[in-house]
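Understanding the architecture of this molecule
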Amino acid sequence: MAEEVVTCRRVSRTYAEEAVPVHALCRVDFELAAGEWVSLAGPSGSGKSTLLHVIGGLDQPTEGSIVVDGVEITGLAAADLSDLRLHKIGFVFQAYNLIPVLSALENVEFILQLQGVGRAERRQRSLETLDSLGIPELADRRPGEMSGGQQQRVAIARAIVTNPVLLLADEPSANLDTATTEELLDVLRNLNRSRGVTIVTATHDPMVMGYTSRQVNLRDGRVVTTGS
Amino acid sequence: MTDPRRDARAGDTGAMFVRVAWRNLWRRRLRTWMSASGMGFAIFLVSVSMSFQAGSYDAWIETATSLMAGHLQAQHPAYFDNPEVRYALTEGIALTRRFENEPGIVAVSPRTEAFALVSAGERSFGALIVGVDRERDMALSSLPDHLSAGEYLPGADSAFLGTALAANLGVDIGDEIVVLGATGEGGVAALMARVDGLFDTGRPELDRSVLQVGIASMQAGFDLGDAVHRLVIETRDARHASDLKAILQAAAPMDVRLLDWNELLPELEQAIQIDRASASMMYWLLLIVVAMSVINAFIMTVFERTREFGMLLAIGMRPNAIVGMLGIEAVCVWAIGVVIGIVLCVAVVLPLSAIGIDVSGIEGMEQLAAQLMMPDRLYPSLNVNVLTESPLWMLAGTLLGALIPALRVRRMQPVEALREEE
């Protein structure tokens, strides 16, 4: 059996800052094996993005335990969470979120720079990653000079160039048309199958769900069904 | 031990941050130019004002020191606090020759001094009698330049006195005066002199109380031998007189005390300090205004780029690194401002420092100029202080102005920041 990359046990997230506390996640149990591609599905407000965020260490659960790649991340200090995100997790956002003043190559290099990778290795790995995603010609273009689909591919390149144990994608196709979404999903499938990248996608797009190996449905912060 | 590869990577990361920060500045060109220009204009104003201040202080110092005090003086250790005839430098002439050969010294003039009664006919007035070496004193004192009648000490028994003192005594050129005082041992000192010259400095306290005679005549009359009370020294640059004083003092005999113009003319130093303090108020206000505008610009920046910062936090960048990057952006704006300000300042001040500005016609300056014996033309002075002080204060203000809003990044939660609209 494949090693578990993520294990969530009775994870809850309550936003108590509101007048009426909002229970975004209620005692969620969730496991993710290495090499899986799981989609977290559900309507808006179901808790899929919140689950993605707590797994990625962007938010802390109010209760429960989350283990990522053998590290219990609940209660970790902010600096340790930063390191975890930098070295073990890749993020792909709905709005691409590239650094607008850097070229595609520099955007990909930037995260390696944060890891302290030397110049030559950084450049080589970044170019190889852009090449593997079929976008070497975008290396010198800035985000403003690229289409949405191209930007999302660069965002994926940035997310995987560090060889993370886990790739988290939050509504990666929300701003893309159908054809571009299909291209993007092919890229993710290729990464998952050929490189064994473990992926969690929060989505309500049926096309995305069709590509994933497993689907976890959430409603009102609870896991309601899980299936292939 | 340092790891060279780690240092190289740190330098590499710094270079990347600088590149990102520099490019970020040009995302809002107008705002960047406005901030940098505001800073540059403030630096220009403060630096130009400081150059005029420095120029006027140089003029004050030169005018005040050249009249009597000089840049430095050597005295008996007790004379400054207790100016009695007996506290004299016994080897005055030898010391004069020794100091004349020191590097950085332009001229040395020995002087004797005593408070005495000056009489002419039925009238008598107290005065400060100063014995001077005519040639040496002319090389460093501007008092002979204020000659209003007669000649400056043409003979061994000549006297040169203020017009007010002459009027009080009822004497004119060619008249005889008698000086009666006390020697260092308490005996009677007396000398006769002929009024050969009068001076009018425009300073009543000087014109009514100072009388100069030949040093040999005074040493004989006051039984001083070769002793002198002051060795008045002119240095190459009054601003470095304190440094030279320390060097000379270290090498001087035990019974010689060196004093610089700050100590000799404390009122001049105080006047400069007061003027500096009042000008500093204006500089501070200006810097605060600019710092406020920097705060405003960076508040806008932080709000506009909240989602971007959220993304940077999400991919693992530390909040302090983001704050540092914003700091670099602030320093870049400051650097542009410094270039603008300093180029403008040099362009304006450099020609003026050569040709000067005629201040005689400026309303209110006439009285001040007369009081301080300032020249009609003011020459602004460019020096390291002028060119670095305001940029450095501005850097502090800029960093403070930028870091206050940037610290908001430290409190940012990545998830909340990522939800922000662009």
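Residues numbered from 1 in each chain as written. Chains lettered and ligands numbered in written order. Predicted model: local features only at pLDDT ≥ 70, side-chain atom pairs only at ≥ 80, totals over all residues. Heavy atoms only, no water.

1. Observations concerning the overall build of chain B
The secondary structure content of chain B amounts to 16 helices and 12 strands. For 422 residues, the compact-globule estimate of 2.2 N^0.38 gives 22 Å, and the C-alpha radius of gyration of chain B, at 31 Å, exceeds that figure by more than 25%. For chain B, the spread of C-alpha atoms along the principal axes amounts to about 100 × 55 × 30 Å. Taken over 422 residues, chain B has a buried fraction of 49%. Long-range pairs, those at least 24 residues apart, make up 77% of the contacts in chain B between residues at least 6 apart in sequence. Distance between charge centroids for chain B: 19 Å, based on 33 positive and 49 negative side chains. (Helix = DSSP H or I, 4+ residues; strand = E, 2+ residues; numbered from the N terminus. Rg over C-alpha atoms; globule rule 2.2 N^0.38 Å. Buried < 20%, exposed > 50% of the residue type's maximum accessible area, 1.4 Å probe, protein only. Contact = heavy atoms within 4.5 Å. Lys, Arg positive; Asp, Glu negative; His and termini not counted. Charge placed at Lys NZ, Arg CZ, Asp CG, Glu CD.)

2. Thoughts on the nonpolar core
Among the nonpolar cores identified, the biggest contains 110 residues, and A:F30, A:L40, A:L51, A:F110, A:I156, A:L166 and B:L312 are the most heavily contacted of them. In terms of residue count, the dominant contributor to this core is helix α12 (residues 319-355) of chain B (11 residues). Setting aside its immediate chain neighbours within four residues, A:L166 contacts A:V5, A:V6, A:L32, A:I55, A:V68, A:K88, A:I89, A:G90, A:T198 and A:V200. Of all hydrophobic cores here, the second largest spans 29 residues; its members include B:V108, B:A238, B:L259 and B:I272. (Core = buried A, V, L, I, M, F, W, Y, C linked by side-chain atoms within 4.5 Å.)

3. Description of empty space enclosed by the protein
All names here are of chain B. Scanning all chains against the criterion turns up 1 cavity of 30 Å³ or more. What the largest cavity holds in volume is close to 40 Å³. Lining of the largest cavity is provided by E62, T65, S66, G70, H71, L140 and E234. Tallying contributions element by element places helix α2 (residues 29-69) first for the lining of the largest cavity, with 3 residues. (1 Å grid on protein atoms, 1.4 Å probe; cavity = no way out; pocket = protein on both sides within 12 Å on 5 of 7 lines; lining within 4 Å. Points joined across faces, edges and corners; volume = space filled by probe spheres on them.)

4. Things to note about the pattern of salt bridges
For the coordinates displayed, the defined rule picks out 30 salt bridges over all chains. As a salt-bridge pair, B:R19 and A:E106 come within 3.7 Å of each other at their nearest N and O atoms. Of this pair, B:R19 sits in helix α1 (residues 4-25) while A:E106 sits in helix α3 (residues 104-115), each in a different chain. Sharing partners across several salt bridges, the network here consists of B:R27, B:R305, B:E308 and B:E329. (Salt bridge = Lys/Arg side-chain N within 4 Å of Asp/Glu carboxyl O.)

5. Quick look at the domain arrangement of chain B
All names here are of chain B. When the domains of chain B are assigned, the result is domain 1 (4-64 + 269-419) and domain 2 (77-255). Summarising the inter-unit geometry, the C-alpha centres of domain 1 and domain 2 are found 50 Å apart. With 7 residues of domain 1 at the interface, the matching set in domain 2 holds 5 residues. When domain 1 packs against domain 2, the two sides together hide about 510 Å² of surface, and 48% of this comes from carbon and sulfur. Our count for the domain 1 to domain 2 interface comes out at 1 salt bridge. One can count 0 residue pairs in polar contact (both at pLDDT 80 or more) joining domain 1 with domain 2. Top contributing element to the side of domain 1 that touches domain 2 by residue count: α2, with 3 residues. Residue classes in the side of domain 1 that touches domain 2 are distributed as 2 nonpolar, 3 polar and 2 charged. (Domains from an automatic or database assignment. Buried area = accessible area lost by both parts, 1.4 Å probe. Polar contact = N/O pair within 3.5 Å; in protein donor to acceptor, adjacent residues only side chain to side chain. Nonpolar A, V, L, I, M, F, W, Y, C, P; charged D, E, K, R; others polar.)

6. A short note on α12(B)
For α12(B), with 37 residues, the first-to-last C-alpha span of 54 Å sits near the 54 Å given by 1.5 Å per residue. With its phi angle positive at about 75°, B:G356 sits one or two positions after the end of α12(B). (Expected span 1.5 Å × (residues − 1).)

7. With respect to the environment of B:V290
Residues and elements named next belong to chain B. Positionally, V290 belongs in helix α10 (residues 266-304). Along the primary structure V290 and T90 are separated by 200 residues, whereas in three dimensions their C-alpha atoms are 60 Å apart. Leaving out residues up to four positions away in the same chain, V290 has contacts with G38, M39, A42 and M394.

8. Some thoughts on the sheet that holds strand β9 (residues 214-219) of chain A
Residue and element names in this part refer to chain A. Read across the sheet, 6 strands follow the order β6-β7-β8-β3-β9-β10 without closing on themselves; strand pairing throughout is mixed. For this open sheet the edge positions go to β6 (89-92) and β10 (222-227), each flanked by a neighbour on one side alone. Pairs of neighbouring strands in the sheet enclose a mean axial angle of 20°, with direction left out of account. Seen against the sheet, helix α6 (residues 178-194) touches β3 (37-41), β7 (166-170) and β8 (199-203) and runs at an angle of roughly 135° to β3. (Pairing = 2+ DSSP bridges. Axes fitted to C-alpha atoms, helices over the stretch in contact; angles between N-to-C directions.)

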